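# Chains, contacts and geometry: an overview
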Amino acid sequence: MGYVITPPPAAVLPVRGSADVFPVHRIYCVGRNYAAHAIEMGHDPDREAPFFFQKNPDNLLINGADFPYPPNSEDVHHEIELVVALKSGGTNIPVEEALNCVYGYAVGLDMTRRDLQAQCKKAGRPWEIGKAFEQSAPCGDLVPASEIGNPDSGAIWLKVNGELRQEGDLNQLIWKVPEMIAYLSGLFELMPGDLIMSGTPAGVAAVSRGDEMHGFIEGVGALSTKVV
Ligand code: MN
């Protein structure tokens, strides 16, 4: 038995220090997971239940590659985020066991067509057109938790053309990594290859063609991309 059309290429991420790559299954994204960002977006920073949206695995952009400014938007924003990569999954995973599912971490950007997302919010519609477009998920090399552990604090920042735009600390996450995994596993069957983008600190803002973005997470790594 063959395929009736050519199968699409598998989505993968490089792993730092390895010739092998990490195959990506799904990309889950957490909304409003830093209080200061929730406030800047006009929301209450109290710890309400987390909510999620998804990007598509083929929306990933490898570290160093150019980010093409997407069509149909005049307000494309950067959101620097810690990315969690799973090596195992399941349903109803207890918080205490959740970190056993983690393969590693990376620095990611949840690029957002903010104008389209705002229209969706206003109309009560899904967010995909604002969030899940081509190359909307630039992501750095994965670093295995076996090398760096499971970071729960450390600086996270994004510079655009050398100027600091976003700054926070992983210890400011409202929902911590094990809690996110446990909560998500009650909604979906998590699988090896799943990525979770864990939310962004304050300072989201628009980019323009020609801008160079440099993201960093202490103990995890860096990510660079140029808007073209
Ligand atoms: Mn985000």
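Our subject in this report is the structure included herewith.

### A short note on the pairing of strand 16 (residues 212-217)
By the alternation rule, side chains of strand 16 split into Met213, Gly215 and Ile217, which are all buried, and Glu212, His214 and Phe216, of which none is buried. Across five bridges, strand 12 (residues 155-160) lies against strand 16 in antiparallel orientation. Paired with Lys159 across the strands is His214, a residue of strand 16. Alignment of strand 16 against strand 17 (residues 221-226), held across six bridges, turns out to be antiparallel. Counted as the bridge partner of His214 is Ser224 from strand 17. In textbook terms, the turn of a hairpin is the stretch between consecutive antiparallel strands, and for strand 16 and strand 17 this stretch comprises three residues, one of which, Gly219, has a positive phi near 85°.

### Focus on the coordination of the manganese ion
Around the manganese ion, the protein contributes the donor atoms Glu79 (OE), Glu81 (OE) and Asp110 (OD), at 2.0 to 2.1 Å from the metal centre. Coordination of the manganese ion draws on donor residues from a single chain, spaced E-x1-E-x28-D in sequence. By the burial criterion, Glu79 is buried, and Glu81 matches it.

### Let's talk about the packing of aromatic side chains
Using the criterion set out here, one finds eight aromatic pairs in the structure. Arranged with centres 5.1 Å apart and planes meeting at 25°, the rings of Trp157 and Phe216 form a pair that is stacked. Placement of the pair is Trp157 in strand 12 and Phe216 in strand 16, with a sequence separation of 59 residues. Judged by relative accessible area, Trp157 falls into the partly exposed class, the value being 22%. By relative accessible area, which is 29% here, Phe216 ends up partly exposed. Relative to Tyr183, the ring of Trp175 has its centre 6.1 Å away and its plane inclined at 50°; by these criteria the two rings are tilted. The exposure class of Tyr183 is partly exposed, given its relative accessible area of 33%. Through a chain of ring-to-ring contacts, the aromatic side chains of Phe51, Phe53 and Trp127 assemble into a single cluster.

So, how was this worked out
- Residues numbered from 1 in each chain as written.
- Predicted model: local features only at pLDDT ≥ 70, side-chain atom pairs only at ≥ 80, totals over all residues.
- Heavy atoms only, no water.
- Buried < 20%, exposed > 50% of the residue type's maximum accessible area, 1.4 Å probe, protein only.
- Helix = DSSP H or I, 4+ residues; strand = E, 2+ residues; numbered from the N terminus.
- Pairing = 2+ DSSP bridges.
- Donors = N, O, S within 2.8 Å, 3.2 Å for Na, K, Ca; no water.
- Phe/Tyr/Trp six-rings, centres within 6.5 Å; stacked < 30°, edge-to-face > 60°.

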